[in-house]
Amino acid sequence: MARRLGTRITEIARLVGCSRSTVVSIHAKWINDGDTSSRRQGVSRPRAIKEKGRQRLFRLVKQNRRQTVAQLTAQYNAGPSASVSEYTVQRTLLDMRLCSRRPTRVHLLTKRHRQLRLQWAREHRDWTMDEWKRVDWSDESRFLIHHVDGHVRVRRLPGEQLLPSCTAGHTQAGGGGIMLCGTFSWALLDP
C-alpha cells in the first residue's frame, strides 16, 4: 500500500523496521505472486543472545551509556557467554530499544536561578548611566583542543532521557580544553 501511495523504499524500511532489500523483495513477491506469505513461517535461527545475555548486555549499557557497539561487544565477549559479532550486539540493542542518541540537554538555570536574576534586574532597573559605568562585566568560555563534545552519544530507553546518566552534563567527553575568562567595563576591555 505504501508503494502504491508513492512512499520511497527507504522510508518504508525505516517505518517497518527492516532493511531496504527486505522491502524490495517483499514488494516484488507481492507484484509477482499477489502474496507475501512464506512457506517457512515460524522457522528461524535461534537467538545468539538469549534472555540472560540480554540482561547482561543491558547491565553493561547501564554501567556506561556512552560505549560504542564495538566496546559493548568486547565486554560481552569477555564474559562466560559464547562470542557474538558486533552486528548481533547492534541488532539485540535495537530489539531492546536501546538506541544510540544524543544526550538530552538540560537547562542550566533552575527556577530559583531565574527568580534571582529577575529580582536583580528589578532592583537595578532605575540605575543611572553613571551607576552602570562603575560595573565590570565578565564571562568565560571553554575552547576544546580536540573537538569531541558534540559527538557524545548515549544508549537509553524511551522515557530515560532525563536520567542523570543520559543528560549532556554527565556525558561530556574528554579531549582537553582551555577555559578563558574576560571582563569589560565602561572604561576598559580586559581579555
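Counting starts from 1 at the beginning of each chain's written sequence and moves along it residue by residue. A pLDDT threshold of at least 70 governs which residues receive local features in this predicted model, and a stricter bar of 80 or more applies before side-chain atom pairs are shown or counted, although totals over entire chains, interfaces and linings include all residues. Hydrogens and waters are ignored; side-chain quantities use all the structure's heavy atoms.

In the nomenclature of an unreviewed UniProt entry, the protein corresponds to Transposase Tc1-like domain-containing protein from the organism Araneus ventricosus. Its UniProt record gives the protein a comment under Subcellular location (unreviewed entry), which states: "Nucleus". UniProt positions are given in the numbering used here, feature names are shortened, and annotations may be inferred rather than shown by experiment.

The next point concerns the pattern of salt bridges. Salt-bridge detection follows one rule: a side-chain nitrogen of Lys or Arg within 4 Å of a carboxyl oxygen of Asp or Glu. A full pass over the atoms with the stated rule returns two salt bridges. Put simply, Asp95 and Arg47 hold a salt bridge, and the shortest N to O gap is 3.5 Å. A residue pair is termed long-range when its members are at least 10 positions apart, and Asp95 in helix α5 (residues 86-95) and Arg47 in the loop between α2 (20-33) and α3 (51-63) qualify at 48 residues. Given a relative accessible area of 43%, Asp95 falls into the partly exposed group. A salt bridge links Arg54 to Asp95; its shortest N-O distance comes to 2.9 Å. Note that Arg54 is positioned in helix α3 and Asp95 in helix α5, a separation of 41 residues in sequence. We call a residue buried when its accessible area falls under 20% of the maximum for its residue type, exposed when it is over 50%, and partly exposed in between, using a 1.4 Å probe and counting protein chains only. Judged by its relative accessible area of 13%, Arg54 falls in the buried class. Each of Arg47, Arg54 and Asp95 takes part in a single network of salt bridges with overlapping partners. In DSSP terms, a helix is any run of H or I states spanning at least four residues, a strand is any run of E spanning at least two, and both are numbered starting from the N terminus.

Among the secondary structure elements, Arg101 is positioned in strand β1 (residues 99-101). For Arg101 and Arg156, which are 55 residues apart along the polypeptide, the C-alpha to C-alpha distance reads 7.5 Å. In contact with Arg101, not counting residues within four places along its chain, are Arg153, Val154 and Arg156. In this description, contact between two residues means that some pair of their heavy atoms is separated by no more than 4.5 Å.

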